[in-house]
Amino acid sequence: MIIDRPIYLKKLIDKRENGLIKVITGIRRCGKSFLFTKLYHSYLNSDGVDDKYIIELSLDDLKNSKYRNPYELDKYIRKKITSSKKIYYVFIDEIQNVEAVSNKYLPEGSPKITFVDVLLGLMKQSNIDLYVSGSNSKMLSTDILTEFRGRSDEIRVYPFCFSEYVSGYKGNKLEAWNSYYLYGGMPLIMSRKSHDEKSLYLKNLFNHTYMRDVLEHNKIKNNRDILENLLDIISSSIGSLTNPNKIANTFMSEKKIAINSSTISMYLEYFIGAFLINSAKRYDVKRRKYIGSPQKYYFTDIGLRNARLNFRQNEENHIMENIIYNDLIVKGFDVDVGVVEYNFKDENGKKIRSNLEIDFVANKGNQRIYVQSAFSIPDEIKREQEISSLRRVKDSFKKIVVVKDNIIPWYDANGILFIGIDNFLLNSNSWL
């Protein structure tokens, strides 16, 4: 089954032949390789590019192990380019498998030759359009983009968003939602039939892939238990404001483990760097500035989060908030947590300063939207609670309250849009 990924395909098309190395990043098993070796390959064919001008090499395949030597890799690619008048599209998957070797032309002790040297060299050839992807343990985006010295263009790929998931799901939208909010959008999850198969797949990804990546990349040998416990704490508190000090206190009170906040902060950055989680900073809407700690953390894939907790904490309201966050990120928004300060007087006439929260302040270019994830609004009291912060934002940008129910979108007297989660995720034209 082929599920189209139009958002990412458009990004590849837009960056085609732009003179930069296209670096495909993202959490393992989210479909990076399929994106450019299948979907983009097919697009190029449909646009008149013959297969002889598309060079694909997967370096995790044993038959290609010879090309893990940078000299052999460079020789192989250049040998394939037989015309100087045609553009060649080069796709190299699992590029991190290229081993660093000594430079045979320089004295012993000189810097080794790596895949970065190979790619920068190929990039100088004007008729090569170069695309690479790799695993997180040795090719995190921050590392690779720095090594390429501004000569690369990152395309971040995420697991299936809900609209992608629905397009390949055999069932109605409600059934798709019930499956998605529980098991998430890792592409291979759709081929697993039973709960046991899905659960085992997600847990194995955590234990044998993601944790290993984090440990190897950051050279951690003795603190795996700390990392495991930290993941459990973050999993249990998605969408809640927290900070390293608070988490350190949780370690002491619940785990009886003393660990300082700077170590917690460092480990959180490891998980962010491995694309397992994302952080959302607090943004003061009226003062137009960021506020320091605490922050919110969300999982890149909600199924991984649920599997981490053995599917014990399936609070649909928190899960829905995580899914909305991810969907906004996939659509290209930068997403923060909004804070709106306001003053009022108590019954004794004393002036009180208070803060209200907006779940998401999402920005893309000159576009901004405010989004509140409400799950359900059973009465007027709850409705007022949800819109109180939005009413105090006086700009003209769109303000949205997303509920779980499948409702007909409507605007209240304040110009605030109320919309169901399926409409929000599947029909962005209704609110963009």
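Starting afresh in each chain, residues are numbered from 1 along the sequence in its written order. Totals for whole chains, interfaces and linings use every residue, but because this is a predicted model, local features are given only for residues with pLDDT of at least 70 and side-chain atom pairs only at 80 or more, for both listing and counting. To get the side-chain values, take all heavy atoms of the structure and skip hydrogens and water.

Draft legend 1. Structural context of the sheet that holds strand β3 (residues 88-93). Here five strands make up an open sheet; going across it, the order is β2-β3-β4-β1-β5 and the pairing parallel. A strand with exactly one partner marks an edge of an open sheet, and here the two such strands are β2 (54-58) and β5 (152-156). If you compare each strand with its neighbour and ignore which way they point, the axes differ by 15 degrees on average. Pairing of β3 with strand β4 (residues 128-133) involves five bridges; the strand directions are parallel. Note that in β4 the partner of Phe91 across the bridge is Tyr131. Contact between two residues is taken to exist if any of their heavy atoms lie within 4.5 Å; hydrogens are not considered. Angles here are taken between N-to-C directions and fall from 0 to 180 degrees, while the axes themselves are lines fitted to C-alpha atoms, restricted in helices to the stretch in contact. Helix and strand assignments come from DSSP, with helices taken as H or I runs of at least 4 residues and strands as E runs of at least 2, each series counted from the N terminus. Taken strand by strand, helix α3 (residues 70-80) contacts β2 and β3, and its axis lies near 155 degrees from that of β2. Pairing between strands requires that DSSP locate at least two bridges from one strand to the other.

Draft legend 2. Looking closely at the sheet that holds strand β13 (residues 417-420). The eight strands lie next to each other as β7-β6-β8-β9-β10-β11-β13-β12, forming an open sheet whose pairing is mixed. One side of each edge strand has no neighbouring strand; the edge strands of this open sheet are β7 (289-299) and β12 (410-411). When β12 meets β13, the two strands line up antiparallel, connected through two bridges. Paired with Tyr411 across the strands is Leu417, a residue of β13. This element, helix α11 (residues 261-273), spans β6 (277-284) and β7 of the sheet and lies at about 110 degrees to β6.

Draft legend 3. Representation of empty space enclosed by the protein in the model. Computed over the protein atoms alone on a 1 Å grid, cavities are sets of points where a 1.4 Å probe fits but cannot get out and pockets are open sets with protein on both sides within 12 Å along at least five of seven lines; a residue lines them when it has an atom within 4 Å of a point. Grid points are joined across faces, edges and corners, and a volume is the space filled by probe spheres set on the points. Evaluation of the coordinates by the stated rule reveals three cavities of 30 Å³ or more. Of the pockets and cavities examined, the largest cavity occupies roughly 120 Å³. If you go around the largest cavity, you meet 16 residues; those closest to its centre are Phe160, Cys161, Tyr180, Thr300 and Asn326. Among the elements that make up the lining of the largest cavity, the one with the highest residue count is helix α13 (residues 316-330) (four residues).

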